[in-house]
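A structural walkthrough
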2 protein chains.
Amino acid sequence: MELPVLIDTLRAALEHDTAHLLRDQLEDVHPADYAAALTEFSATELWTLLTVLPRAEQAEVFGYLPAEVQVKLAISISRRKLSPIIRQMSSDERADLFNRLTEEQRDTLLPALAQAEREDLLRLSAHEEGSAGAIMTSDYAVLPPDLTVREAIEVLRLEAPDKETIYSSYVVDKARQLIGVVSLRDLILAPVSMRVDDLMNHDPIYASVDMPQEEVASLIAKYDLLALPIVNEQHQMVGIVTYDDAMDVVAEEATEDFHKTATIGKLESSVKHAGIGLLYRKRVFWLVVLVFGNIFSGAGIAYFEETIASYLALLFFLPLLIASSGNAGAQSGTLMVRALATGDVKLRDWGSLLGKECLVAGLLGLTMSAAVVGLGLWRGGPDIAVVVALTMMLVVLVGSLIGLSLPFLLSRFNMDPATASGPLITSIADVAGVLLYFSIATWYLGL
Amino acid sequence: MELPVLIDTLRAALEHDTAHLLRDQLEDVHPADYAAALTEFSATELWTLLTVLPRAEQAEVFGYLPAEVQVKLAISISRRKLSPIIRQMSSDERADLFNRLTEEQRDTLLPALAQAEREDLLRLSAHEEGSAGAIMTSDYAVLPPDLTVREAIEVLRLEAPDKETIYSSYVVDKARQLIGVVSLRDLILAPVSMRVDDLMNHDPIYASVDMPQEEVASLIAKYDLLALPIVNEQHQMVGIVTYDDAMDVVAEEATEDFHKTATIGKLESSVKHAGIGLLYRKRVFWLVVLVFGNIFSGAGIAYFEETIASYLALLFFLPLLIASSGNAGAQSGTLMVRALATGDVKLRDWGSLLGKECLVAGLLGLTMSAAVVGLGLWRGGPDIAVVVALTMMLVVLVGSLIGLSLPFLLSRFNMDPATASGPLITSIADVAGVLLYFSIATWYLGL
């Protein structure tokens, strides 16, 4: 069923009070689609439509709801009604929800859980946001090393309903330390009497709980893993991060970096659902900071007021010269920010990239000079044409080198290179552009 | 083994001519890591180091090499030596390589393949770049509907070595039309005498061969799939796209959009390995186009030359006013470009977002006005302060609305919204800023 059709069906059912008859119609609807449709309804309506489903599917659909909607429900629906759903959620989704609630709301929900679930929840939500610990799930399949393949498959068959995946099983010793990993594919292919520790990979790829989530995601992408085991400081197995959560991290990090290129702060919510106050707060800081950065450009212009007063024609070229400097800088800056984020380029590559950038930017500068020299002749005469062409060459070069270097500089001092965004580089390149332009003009025109 | 250590080990082995003794040392090295180390060597050295491995692993490592390196090897190594590796590659990786070769190089490689492989390769590489067909693999597991679970598992056991995944199997009828999907998890859990068509999901999520790859990736992410079946126009099953390829697509598309925000053309190679000519070509087009965009700002300034000549102090504020307009525009533009790319926002949302943006940008404009009014008083006196504050308010609002609307406009006319990048929006916002500023000044100062 297409989303608009589904929404209309649900709306009609609510209006005619026939929601309880929906269950059969919904059988073929994917939980992700049902969740998407539910976001169009109010909390009470949503609850009515959610509880039409069989209990097990309620938790699954609930897990697909956007975080903001989950919180809204958690606050507005009584604990007694909500707790069966919370109990059936996967452990990582439950911890995510929990982390978005206030202390008071958490205290209301906690008693709804059994002792073991409660401890697991508190353990999972204790990890720092953005770390492997914060996105891992504790619902993974564990095998002792001394089982036979036949026994191992039997264990997995029994445990499957509660596990996030049974395609990768983790082999731990008595101290719960990770000693191997075995795939269901290998188990299926192996002779049934073979021992797990003869079959398993003894050197599994793993990560520690405090590894940043973007590194976790790139390990999963690099090694094409279904799930990455997570260990604590004692090398004990504490969770797994699955490929689908890694995909979400990749998208989330890309969005965050994207927003940074336009000096927008980290937005946890979707743009569509974000409130006015939130959007204002995420945008205002850098806008104001950059104003003060641009005062230097203004001061540069003021300093050269006499030059400008003598040759007002110079002003015509000001926007295109400083814009070109900023644009060239934004280009090389963006190339570096992204290459650093994806690991294509490392800090130590700066030197060799600088040499290459000098050549590329030099060529770009020459092209840009050629593009404006005619304009200079037409609008300002031969002298101004020379000044404009010379300045263009230099500002494209200088802008590019600033754009290339700033992300490395920030990275070197452990700041996020993505902060070296277009607007920041543009502001710096603008100042350089103003100073270069009027210095060259003052010198060449003999003022 | 850490990458630098591995590289040193390999270099030493080459120097002492002991590469053939490496095999045992390499047993625990992941193919992805070995491939990363190999990129540090020349084609001939690389070949020596690659062929140290057992045959099956050679193909796996080869598949992990960057595309440029694969092509370099395909060109420099003789067909007789290379063909066993090409034959063992997974079908999608083989088609990727093939698509990067010249016609002549292809003709050299084709005879090295068996008839069936050759046909499969030609079929796969016939699909348009960027479509589902171009990234799918034909190594998927197929089950007839009338098998029992026991028989199905036996089939998968036999076929596993040649399949990309056996965790999802696709059920097709006699006409090869896709009629269901069944997971290995369900097969393992089900009673062994149950029939596959009683167990399978009859309404699987699928995509057609010509669906754009980013939509394929978002289907996989949305439904948390391990693999997505791909069908042709007759609804016949022709391939699958696996989650790991979808992750690569997500990263690739993010990089492409990222580069577009700084008006950089699509770069197929890594920044580190890209040549000077390539980088020049990817950057020069928009730089030159934008220069001509900025002529309008210059013309705006020239038009108001008299106003400027009377109040040279106005120039001090020019950079910060036009930069603020551009920065605010880049912010709202970037928010929209990303939200459109991730599907958070649809074309039809433009109206409601416009209302919200007016409020947000209005607040931002007020804040920015307050931030500069003191500066205006100090540098220019009360009259100029009023002009500057009023202009700031308006340019932030106008810049934001341009930034918000441009991506929708492009999208509406089937152009990529990411083209509405920072520099393009900035250039347009600059013109608006210059005209607004000097118009207000001329009017308010009574010139």
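The rules behind the values
Residues numbered from 1 in each chain as written. Chains lettered and ligands numbered in written order. Predicted model: local features only at pLDDT ≥ 70, side-chain atom pairs only at ≥ 80, totals over all residues. Heavy atoms only, no water. UniProt positions renumbered as here; feature names shortened; annotations may be inferred. Domains from an automatic or database assignment. Helix = DSSP H or I, 4+ residues; strand = E, 2+ residues; numbered from the N terminus. Polar contact = N/O pair within 3.5 Å; in protein donor to acceptor, adjacent residues only side chain to side chain. Contact = heavy atoms within 4.5 Å. Axes fitted to C-alpha atoms, helices over the stretch in contact; angles between N-to-C directions. Left-handed = near helix turned anticlockwise from the far one by under 90°. Nonpolar A, V, L, I, M, F, W, Y, C, P; charged D, E, K, R; others polar. Buried area = accessible area lost by both parts, 1.4 Å probe. Salt bridge = Lys/Arg side-chain N within 4 Å of Asp/Glu carboxyl O. Least-squares fit on C-alpha atoms with pLDDT ≥ 70 in both. Buried < 20%, exposed > 50% of the residue type's maximum accessible area, 1.4 Å probe, protein only. 1 Å grid on protein atoms, 1.4 Å probe; cavity = no way out; pocket = protein on both sides within 12 Å on 5 of 7 lines; lining within 4 Å. Points joined across faces, edges and corners; volume = space filled by probe spheres on them. Arc of directions from axis to C-beta. Phe/Tyr/Trp six-rings, centres within 6.5 Å; stacked < 30°, edge-to-face > 60°. Lys NZ or Arg CZ within 6 Å of the ring centre and 35° of its normal. Right-handed = clockwise from strand over helix to strand, strands pointing away. Pairing = 2+ DSSP bridges. Parallel < 35°, antiparallel > 145°, perpendicular 65-115°, else oblique.

Within an unreviewed UniProt entry, the label attached to chain A reads Magnesium transporter MgtE, and the organism entered is Alishewanella longhuensis. Looking at chain A in UniProt, the text filed under Sequence similarities (unreviewed entry) is "Belongs to the SLC41A transporter family." The UniProt entry for chain A carries this comment under Function (unreviewed entry): "Acts as a magnesium transporter."

**Side note on the domain arrangement of chain A**
Taken domain by domain, chain A holds domain 1 (3-126), domain 2 (140-260) and domain 3 (276-444). Computed over C-alpha atoms, the centres of domain 1 of chain A and domain 2 of chain A are 28 Å apart.

**Section: the side chain of A:S90**
Residues and elements named next belong to chain A. Along the polypeptide, S90 turns up in the loop between α6 (79-88) and α7 (91-99). Polar side-chain contacts of S90 include one of 2.8 Å to the side chain of D92. S90 has contacts with D139 and E164, leaving out every residue within four places of it along the chain.

**Quick notes on the packing of helix α1 (residues 3-15) of chain A against helix α2 (residues 31-38) of chain A**
Residues and elements named next belong to chain A. Contact pair α1 / α2: the axes reach a minimum separation of 9 Å and the direction vectors enclose 60°. Between α1 and α2 lies a crossing whose hand is right-handed. Contacts from L3, L6, I7 and L10 of α1 reach α2 at D33, Y34, A36, A37 and L38. Considering only residue class, the contact of α1 with α2 consists of eight nonpolar, no polar and one charged.

**A closer look at the interface of chain B and chain A**
Taken together, the contact pairs 110 residues of chain B with 110 residues of chain A. Of the roughly 9,900 Å² buried at the junction of chain B and chain A (both faces included), carbon and sulfur atoms supply 70%. Area buried by chain B at its contact with chain A is led by B:R185, B:F258 and B:R283, which between them contribute 8% of it. If you look at where chain B meets chain A, you find four salt bridges. Among the salt bridges present, the one from B:E357 reaches A:R283, with a minimum N-O distance of 2.9 Å. Where chain B meets chain A, there are 41 residue pairs in polar contact (both at pLDDT 80 or more). Considering each element in turn, the side of chain B that touches chain A owes the most residues, 19 residues, to helix α18 (residues 314-342) of chain B. Tallied by class, residues from the side of chain B that touches chain A come to 70 nonpolar, 20 polar and 20 charged.

**Focus on the relation of the copies chain B and chain A**
Between the two copies of the chain lies a rotation about an axis combined with a shift along it. It takes a turn of 180° to lay chain B on chain A, together with a shift of 0.0 Å along the axis; the resulting RMSD is 0.1 Å. On this basis, the relationship between the two copies can be described by a two-fold rotation axis.

**Considerations on the pattern of salt bridges**
Under the defined criterion, the tally for this structure stands at 17 salt bridges over all chains. The partner of A:D33 in a salt bridge is B:K222, with the nearest N and O atoms 3.0 Å apart. Here A:D33 is found in helix α2, whereas its partner B:K222 is found in helix α14 (residues 213-222) on a different chain. On the accessibility criterion, A:D33 (17% relative accessible area) is buried. Several salt bridges converge on common partners, so that one network encompasses A:E256, A:K260, A:K266 and A:D416.

**Let's talk about the UniProt feature "transmembrane region" (unreviewed entry) in chain A**
Residue and element names in this part refer to chain A. Within this structure's numbering, the places UniProt gives as "transmembrane region" (unreviewed entry) are residues 284-304, 310-330, 358-378, 384-410 and 422-445. The straight-line gap between the two end C-alpha atoms of residues 358-378 is 30 Å; of that span, 100% is helix and 0% is strand. Secondary structure over residues 384-410 splits into 100% helix and 0% strand, and the C-alpha atoms at its two ends are 38 Å apart.

**Considering empty space enclosed by the protein**
The final tally for this structure, using the stated rule, is eight cavities of 30 Å³ or more. The calculated volume of the largest cavity comes to roughly 390 Å³. If you trace the largest cavity, you find 30 residues lining it, with A:N327, A:T426, B:N327, B:G422 and B:T426 closest to the centre. Put simply, the parts of the chain that give the lining of the largest cavity at least two residues each are α18 (314-342) and α20 (422-444) of chain A together with α18 and α20 (422-444) of chain B. For the lining of the largest cavity, the per-class residue count stands at twelve nonpolar, 16 polar and two charged.

**With respect to helix α11 (residues 149-159) of chain B**
Each α-helix turn comprises 3.6 residues. Residues three or four places apart therefore point the same way. Taken residue by residue, α11(B) has B:V149, B:A152, B:I153 and B:L156 as its buried positions. Down the axis of α11(B), the buried set is contained in an arc of 95°. They therefore lie on one face. The exposed residues of α11(B) that point more than 90 degrees off its buried face are B:R150 and B:L158. Elements that come into contact with the buried residues of α11(B) comprise α12 (184-189) of chain A together with β1 (140-143), β2 (165-172), α12 (184-189) and α13 (196-199) of chain B.

**Description of the packing of aromatic side chains**
Using the criterion set out here, one finds 17 aromatic pairs over all chains in the structure. Ring centres of A:Y167 and B:Y167 lie 3.9 Å apart, and the angle between their planes is 10°; on these two criteria the pair is classed as stacked. Placement of the pair is A:Y167 in strand β2 (residues 165-172) and B:Y167 in strand β2, with the two residues belonging to separate chains. The two residues A:Y167 and B:Y167 agree in class, both being buried. Their ring planes at 45° and their centres at 4.3 Å tell us that A:Y243 and B:Y243 sit as a pair that is tilted. Taken together, the residues A:Y243 in helix α15 (residues 243-260) and B:Y243 in helix α15 (residues 243-261) connect one chain to another. For the pair A:Y243 and B:Y243, one class covers both residues: buried. One aromatic cluster in this structure is built from A:Y303, A:F304, A:Y437 and A:F438. We note A:R379 situated over the ring of A:W378; from NZ or CZ to the ring centre the distance is 5.8 Å. The side chain of B:R379 reaches across the aromatic face of B:F316, ending 4.3 Å from its centre.

**Some points on the pairing of β2(A)**
Walk down a regular strand and you will see the side chains alternate between the two sheet faces. All names here are of chain A. Here β2 lies mainly inside the structure; eight of its eight residues are buried. Crossover strand β1 (residues 140-143) to β2 through helix α11 (residues 149-159) is right-handed. Where β2 and strand β3 (residues 178-183) come together, five bridges link them in antiparallel fashion. What sits directly across from V172, in β3, is L178. In textbook terms, the turn of a hairpin is the stretch between consecutive antiparallel strands, and for β2 and β3 this stretch comprises five residues, one of which, R176, has a positive phi near 65°.

**What about the UniProt feature "domain: CBS" (unreviewed entry) in chain A?**
Residues and elements named next belong to chain A. Per the UniProt record, "domain: CBS" (unreviewed entry) is found at residues 136-199 and 200-256. In the segment residues 136-199, helix accounts for 33% and strand for 28%; the C-alpha atoms at its two ends are 26 Å apart. Within residues 200-256, the helical portion is 42% and the strand portion 23%, while the C-alpha atoms at the span's ends are 38 Å from each other.

**Points about the packing of α18(B) against α20(B)**
Residues and elements named next belong to chain B. The contact between α18 and α20 brings their axes to 8 Å, and the two run at 140°. When the axes of α18 and α20 are compared, the pair comes out oblique. Crossing of α18 against α20: the hand is right-handed. Counted together, L314, F317, L318, L321, I322, S325, G326, G329, A330 and G333 of α18 and G422, I425, T426, A429, D430, G433, V434, Y437, F438 and A441 of α20 form the full contact between these two elements. A breakdown of the residues in the contact of α18 with α20 according to their chemical character gives twelve nonpolar, seven polar and one charged.

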